[in-house]
Amino acid sequence: MRHKRVIPNRSFRVADQIQRDLADLIRELKDPRIGMATVNAVEVTPDYAHAKVFFSVLVGDPVETGEALNEAAGFLRNGLFKRLQIHTVPSLHFHFDRTIERAAELSALINKANATRALDDELAAAPDSDLPAGKTEASE
């Protein structure tokens, strides 16, 4: 029995192409709920039956945008069918990607920790002007 020839990284290349084509197709949608949506990543199942599409939103409500994109999934899938050269075009499932929000939160926490450390370092380096010469807080 002959085995099918496996093309390495094919699913990654298909997912990448779907991401690029969906970005173009989403820009053409006229639904006002979508706003400025960005396709961050696409995960395709091995049989190409389903694709998880992760998106983020610059302006607008992510819940409404997700609903609008899931409602337009059939239209977008049809547009992909016309653009892609594969036998099975996957069903699209849109999920909001909080990666950018989490990154901003972590960045803010890091900046806060650095500011606190810098303040502590300044206080430790500053000489105690209230104490007489030769005395330290520990000797009192």
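Look up a bit, the structure's there.
The structure presented is a predicted model; accordingly, all values stated were derived computationally and were not measured.

Cut-offs and rules
- Residues numbered from 1 in each chain as written.
- Predicted model: local features only at pLDDT ≥ 70, side-chain atom pairs only at ≥ 80, totals over all residues.
- Heavy atoms only, no water.
- Pairing = 2+ DSSP bridges.
- Helix = DSSP H or I, 4+ residues; strand = E, 2+ residues; numbered from the N terminus.
- Axes fitted to C-alpha atoms, helices over the stretch in contact; angles between N-to-C directions.
- Salt bridge = Lys/Arg side-chain N within 4 Å of Asp/Glu carboxyl O.
- Buried < 20%, exposed > 50% of the residue type's maximum accessible area, 1.4 Å probe, protein only.

This paragraph deals with the sheet that holds strand E1 (residues 37-44). On the basis of which strands lie adjacent, the open sheet formed by 3 strands has the order E1-E2-E3 and mixed pairing. The sheet is open, and its two borders are formed by E1 and strand E3 (91-96), each paired with just one other strand. If you compare each strand with its neighbour and ignore which way they point, the axes differ by 30 degrees on average. Sheet topology places strand E2 (residues 50-57) next to E3; 6 bridges connect them, and they run parallel. Paired with His 50 across the strands is Ser 91, a residue of E3.

Per the counting criterion, the structure on display carries 9 salt bridges. The closest approach of N and O atoms between Arg 33 and Asp 31, which form a salt bridge, is 2.9 Å. The class of Arg 33 is partly exposed, set by a relative accessible area of 28%. One salt bridge connects Arg 33 with Glu 71, and the closest N-O pair in it is separated by 2.7 Å. Placement of Arg 33 in the loop between helix H1 (10-28) and E1 and of Glu 71 in helix H2 (residues 62-71) is noted, with a sequence separation of 38 residues between them. Glu 71 gets classed as exposed once you look at its relative accessible area, which sits at 59%. The network of salt bridges with common partners includes Asp 21, Asp 24, Arg 27, Glu 28 and Arg 83.

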